[in-house]
Amino acid sequence: YKVFVHLLDSNNRVVAQRDGEPVSDTRITTTWRAGEIITDNYGVFVEPGTLPGDYRLAIGMYRADNVARLLIGESDHLILGTVQVK
């Protein structure tokens, strides 16, 4: 599985993103144990010229072989909060 981080505008369009293997490719999901907590950090580069405003930060995971997203409850992503671009 891979992790995605998306910055979404008010129309749910992705304006910035980062995808990758967990923990900089050092903790691929096939090595995880049940109940283990994995700490991971992702930065998202916002291109110069991106319109100022509030954007939502979404995260999730997907299968590397077919890009099918994993469900988190009823959704395929989790909104972490709002990011303000100035």
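Our structure is the block above this text.
Residues numbered from 1 in each chain as written. Predicted model: local features only at pLDDT ≥ 70, side-chain atom pairs only at ≥ 80, totals over all residues. Heavy atoms only, no water.

Looking at the overall build of the chain
Phase 1: Counting its secondary structure elements, the chain contains one helix and four strands.
Phase 2: Its helices and strands taken in sequence order, the chain reads β-β-α-β-β from the N to the C terminus.
Phase 3: Seen along its three principal axes, the alpha-carbon backbone of the chain occupies a region of about 40 × 25 × 25 Å.
Phase 4: The proportion of buried residues among the 86 residues of the chain is 20%.
Phase 5: Long-range contacts, defined as pairs at least 24 residues apart, comprise 55% of the intrachain contacts of the chain with a sequence gap of at least 6.
Phase 6: Put simply, the chain shows about 6,100 Å² of open surface, and 53% of that area lies on carbon and sulfur atoms.
Phase 7: Charge centroids of the chain, computed over 9 positive and 11 negative side chains, lie 2 Å from each other. (Helix = DSSP H or I, 4+ residues; strand = E, 2+ residues; numbered from the N terminus. Buried < 20%, exposed > 50% of the residue type's maximum accessible area, 1.4 Å probe, protein only. Contact = heavy atoms within 4.5 Å. Areas by Shrake-Rupley, 256 points an atom, 1.4 Å probe, with all protein chains shown as cover. Lys, Arg positive; Asp, Glu negative; His and termini not counted. Charge placed at Lys NZ, Arg CZ, Asp CG, Glu CD.)

Considering the pattern of salt bridges
Once the charged atoms of two side chains with opposite charge are near each other, the side chains can pair.
Phase 1: In the structure shown here, the tally under the stated rule is four salt bridges.
Phase 2: Linking Arg-13 and Asp-9 is a salt bridge whose minimum nitrogen-to-oxygen distance equals 3.0 Å.
Phase 3: Looking at Asp-9, the relative accessible area reads 10%, which means it is buried. (Salt bridge = Lys/Arg side-chain N within 4 Å of Asp/Glu carboxyl O.)

Quick word on the packing of aromatic side chains
Phase 1: Summed over the entire model, instances satisfying the criterion amount to one aromatic pair.
Phase 2: The residue whose ring lies beneath Arg-69 is Phe-4, and the NZ or CZ to ring-centre distance is 4.1 Å. (Phe/Tyr/Trp six-rings, centres within 6.5 Å; stacked < 30°, edge-to-face > 60°. Lys NZ or Arg CZ within 6 Å of the ring centre and 35° of its normal.)

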